[in-house]
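# Structural overview for review
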Amino acid sequence: MCLGIPGEVIEFLPDQPDLARVDVSGVRRVINVGLLSDDLPKPGEWVLIHVGFALSKIDEAEAAAALQFLEGIGQAYADELEALQASQIE
Amino acid sequence: MTDGATWVNQALREHEEHTGSAISRPTAPASEREQQVLDRIDRARKRRPKVREERITMSHGSGGKATRTLVEAVFLDAFSNPLLEPLEDAAQLHLNGSRVALTTDSYVVSPLFFPGGDIGDLAVNGTVNDLAVSGATPLYLSAGFILEEGFPVADLVRIVASMEAAARVAGVQVVTGDTKVVQKGKADGCYINTAGIGVVEHEVSLGVVNAQPGDAVIVSGPIGDHGVTIMLARGELDIEADIVSDTAALNGLVADLLSATTGVRALRDATRGGVATILNEVAAAAGVGVLVNEDAIPVRPVVRGASELLGIDPMYVACEGRMVAVVDGGEADRALAALRSHPLGADAAIIGQITADPPGIVLLKTAFGGTRIVDLLVGDPLPRIC
Amino acid sequence: MRFVDEFRSADKAHALAAKIAELCEPGRQYKLMEVCGGHTHTIYKHGLEDYLPEQITLVHGPGCPVCVIPMGRVDDAMALASQPDTIMTSFGDMMRVPGSKGSFFDAKAQGTDIRMVYSPLDSLKVARQNPDKRVVFMAIGMETTTPSTAMTVLRAAAEGLTNFSIFNNHVTIIPAIKAILDSPDLRLDGFIGPGHVSTVIGCRPYEFIARDYGKPVVVAGFEPLDILQSIYMLMVQLSEGRSEVENQYTRVVPWDGNLAALTAINKVMELRPYFEWRGLGFISHSAMRVRPEYAAFDAELLFEVPGVRVADPKACQCGEVLKGVLKPWECKVFGTACTPETPIGTCMVSPEGACAAYYNFGRMNRRRVVEVSIS
């Protein structure tokens, strides 16, 4: 029971503070944000959606950091490969 | 405490009778054992199809494994004749020196009206497409209506107007029909049954059995639009998206393709069961492998988003205006160019190729770089939660 | 798709795979368990095992709540659904799970009103739209889903709905992990920790695994790069002789979990003294039931539920597969008597189950396949 999808918060529904409309790649759904009542997401922020509820906010800084780590490893690997190839040129 | 399910014991007994041996655990080393099991599974999959259920379920209508089993075990078994046996989209008949293609379809879509079209559009386009992918020029359609008591006449008029418009675009005529009315509660408003005939003029014989290693697999446009549109239009999922059905008559596109190249081995329109089902049909009929690249398969972002949200795979989602073509590898580029120069094929793409190995199996090279199997689905793609 | 595509990019995968291979001690075999069914699904769906060296084996664990539901409970649910004037609502994954007399799908074919929903809130909608019927929601899932059910019950209470109830089959992951760790059959080197369960319970609950059993845990996201990176992090720990809990899925999982979610669960539900898990037997304090204060929404109290215990079919080895002792293809009936069309056990029926994942995605001779796809 783990399928969670990142979606962007578009707007809150006028009379219902618990409900927000989110967008997933052009698909829009109204979800319940009651589980994030201590720190409600703002329009433009991203949340993790599971069975019609927002379970968590997506921390963009952490996402960027994760990608940077992966880029770093990727770059180091590419550098190594290049070095390996360069050393074979005789 | 009750004993385990009797149906399980029955299933096991049946299985033992079939294989002639008690189910036992092999004792060779691991990788060999795994291969033994895989071989055993291959044999099991080739067994004569049998319908185990006592009653029809929705799976039997979804276009996947259950549908195929039902068709083979019940219909093919009873009507068995060489004209039916190929189980292509249309039957190829020889009448007094002419080659004629004959097809039939029934339309039970709910809701009847949806973004991009209605049941009437589907009825005409679907029938025309079955003829077109059989290499025929579609000519005449029949239309039988089963109407529910209480169905608004205005809706019927609307549906029929759609059919007339679609027929005009496709260049076909509805020449005969029938009307029945059933009591309130049956027929979900309106069901339509059609038959279509066309003449096969090209010196071409199309069939999935013709696929050969080295052939290219081409899809005529983005997949999954229709199925997702219907799922959302049912309103049960509370999802909105700017997506419309892709229903369209493909006979013009097919004609362009067949004029541009003689290298087309097979054409299929991707309806229920989606592209994945067709690829499996090719693999099974021709005894070849099909290898496709996930990266190459065109999918609209909105269809991807909806599929991710629901946990379904666009490859299994129905289309109503897309076709899959298997083309001689050397002619692939020419075929692609022909498709792309037609409005309905603007986003056509080569998605993979036919291989000799592993026979009967469809493999997908994922965007991530790994490989996995694409099998026939058991039923409708049920929205996953996980 | 943002936050998804970046974590599916192949070019970074090769680098990670190389690093993982470097960290393998020559001659040593590594067994890493991914607990969560969602991870099993991702691994097979993206062909992730193609990136791992032969020395690393991924063992599939019991974190699939649909897989662990015993037949007796499915029978109970079917009994509930077949009562007069009742509408049963359920997630899609449950529709095909077989009880001793068939599944929801079969019952639907015979006229029982069973409807698939995407969210428990949809179930409330059905209840509002059908005031003359009793609507039951088949509540199933681990801690990822439990808060949503709890919130739905709270909403039903706030609206004063009198025709809505839940059949509570929510389970908790920690006792299952402990059962695995205590099982003599298995020797594991590390755990790929559940991603979305952790957004609710946080990362602390896994500390006992590192502290008391000396096994590293990395809480992982669900995209293929997330899982590869988590495996990398586990291998780093193993090569450095550490055993700690680490969080790879920091963009989503807060170390302390979601307090509002835990509060909601606690308000509406309490732990059962014990609950039966398919294949794992009775585990204490491993499942939830509705609190007395919300009895009006407890289907088990409102209706007659047979409550009969049904033994797993003897041929079914789901238990051993769920514990990771057997690989799917090692089960005697895998692929022959037990297939996705004709499932005998839950591992084959649930889309997350190890057997279904292997049958649908992974069932092939890997060496042959790699040759084919490179050519």
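Residues numbered from 1 in each chain as written. Chains lettered and ligands numbered in written order. Predicted model: local features only at pLDDT ≥ 70, side-chain atom pairs only at ≥ 80, totals over all residues.

## Topic: the interface of chain A and chain B
At the interface, 12 residues of chain A touch 16 residues of chain B. It is strand S3 (residues 27–32) of chain A that contributes the most residues to the side of chain A that touches chain B, four residues altogether. For the side of chain A that touches chain B, the residue count by class is eight nonpolar, two polar and two charged. Bridge count between S3 of chain A and strand S9 (residues 239–241) of chain B: three bridges; the pairing is antiparallel. Bridge assignment links Val-27 of chain A to a residue of S9 of chain B, and that residue is Ala-241 of chain B. (Contact = placed C-beta atoms within 7 Å. Helix = DSSP H or I, 4+ residues; strand = E, 2+ residues; numbered from the N terminus. Nonpolar A, V, L, I, M, F, W, Y, C, P; charged D, E, K, R; others polar. Pairing = 2+ DSSP bridges.)

## Section: the pairing of strand S2 (residues 56–63) of chain C
All names here are of chain C. For S2, a buried count of seven out of eight residues is recorded, marking the element as mostly surrounded by other parts of the structure. One ladder, built from six bridges, connects strand S1 (residues 30–36) with S2; its direction is parallel. Bridge pairing in S2 links Cys-36 to Gly-63. With helix H2 (residues 37–45) bridging S1 and the parallel S2, this β-α-β connection has right-handed handedness. (Buried ≥ 20, exposed ≤ 12 C-beta atoms within 10 Å, placed from the backbone. Right-handed = clockwise from strand over helix to strand, strands pointing away.)

## Quick word on the confidence of the model for chain C
Per-residue confidence for chain C gives a mean pLDDT of 90, with 97% of residues at or over 70. With pTM at 0.86, the complex prediction returns an ipTM value of 0.90. (pLDDT = per-residue confidence, 0-100.)

## A look at the interface of chain C and chain B
Think of interface size as the accessible area that goes away when the parts come together; that is how it is often given. With 59 residues of chain C at the interface, the matching set in chain B holds 52 residues. At the level of secondary structure, the elements contributing two or more residues to the side of chain C that touches chain B comprise helix H1 (10–22), H2, helix H4 (104–109), helix H15 (354–362) and helix H16 (366–374) of chain C. Of the residues assigned to the side of chain C that touches chain B, the class counts are 31 nonpolar, 15 polar and 13 charged.

## Quick notes on the confidence of the model for chain B
On average, chain B scores 88 in pLDDT, and the residues at 70 or more come to 90%. Per-residue pLDDT stays below 50 along residues 21–26 of chain B; that stretch engages in nine contacts with residues further than four places along the chain or on separate chains.

## Considering the pairing of strand S11 (residues 289–293) of chain B
All names here are of chain B. For S11, the tally of buried residues reaches four of five residues, placing the bulk of the element in the interior. Of the strand pairs in this sheet, S11 and strand S13 (residues 349–355) are connected by four bridges, and their pairing is antiparallel. Each bridged residue has a counterpart across the sheet, and for Val-290 the counterpart in S13 is Ile-354.

## Description of the sheet that holds S2 of chain C
The strands making up a sheet associate through backbone hydrogen bonding, with each pair oriented either parallel or antiparallel. Residue and element names in this part refer to chain C. One open sheet accounts for five strands, arranged S2-S1-S7-S8-S9; its pairing is parallel. The outermost strands of the open sheet, each flanked by one partner alone, are S2 and strand S9 (245–247). Neighbour-to-neighbour, the strand axes of this sheet turn through a mean angle of 20 degrees, independent of strand direction. Along the sheet, helix H10 (residues 224–239) makes contact with S1, strand S7 (190–193), strand S8 (217–219) and S9, crossing S7 at roughly 150 degrees. (Axes fitted to C-alpha atoms, helices over the stretch in contact; angles between N-to-C directions.)

## With respect to helix H8 (residues 274–286) of chain B
Residue and element names in this part refer to chain B. With 13 residues, H8 extends 19 Å between its outermost C-alpha atoms, agreeing within 8% with the 18 Å of an ideal straight helix rising 1.5 Å per residue. Of all 13 residues that make up H8, 12 are buried, and the element is covered over most of its length. Among the residues of H8, those classed as buried are Gly-274, Val-275, Ala-276, Thr-277, Ile-278, Leu-279, Asn-280, Glu-281, Val-282, Ala-283, Ala-284 and Ala-286. Turning to H8, the residues buried within the fold contact strand S8 (216–219), strand S10 (264–269), S11, strand S12 (323–327) and strand S14 (362–365). Positive phi appears at Gly-287, one or two residues downstream of H8, with a value of about 65 degrees. (Expected span 1.5 Å × (residues − 1).)

## What to know about helix H7 (residues 251–260) of chain B
Listing the buried residues of H7 of chain B in full gives Asn-251, Leu-253, Val-254, Leu-257 and Leu-258 of chain B. Projected down its long axis, H7 of chain B carries its buried residues within an arc of 155 degrees, all on one side. (Arc of directions from axis to C-beta.)

## Here we look at unusual backbone geometry
With an omega dihedral of 5 degrees, the bond running from Ser-110 of chain B to Pro-111 of chain B counts as a cis peptide bond. A cis geometry characterises the amide bond from Asp-357 of chain B onward to Pro-358 of chain B, with omega recorded as -15 degrees. Checked against the element boundaries, Pro-358 of chain B lands in the loop between S13 and S14. Phi is positive for Leu-87 of chain B, close to 50 degrees, though the residue is something other than glycine. The topology assignment puts Leu-87 of chain B in the loop between helix H3 (65–79) and strand S1 (91–95). Overall, the presence of 14 C-beta atoms within 10 Å leaves Leu-87 of chain B in the partly exposed class. Despite not being glycine, His-285 of chain C has its phi angle at roughly 50 degrees, a positive value. When you line up the elements, His-285 of chain C lands in the loop between strand S12 (281–284) and strand S13 (288–290).

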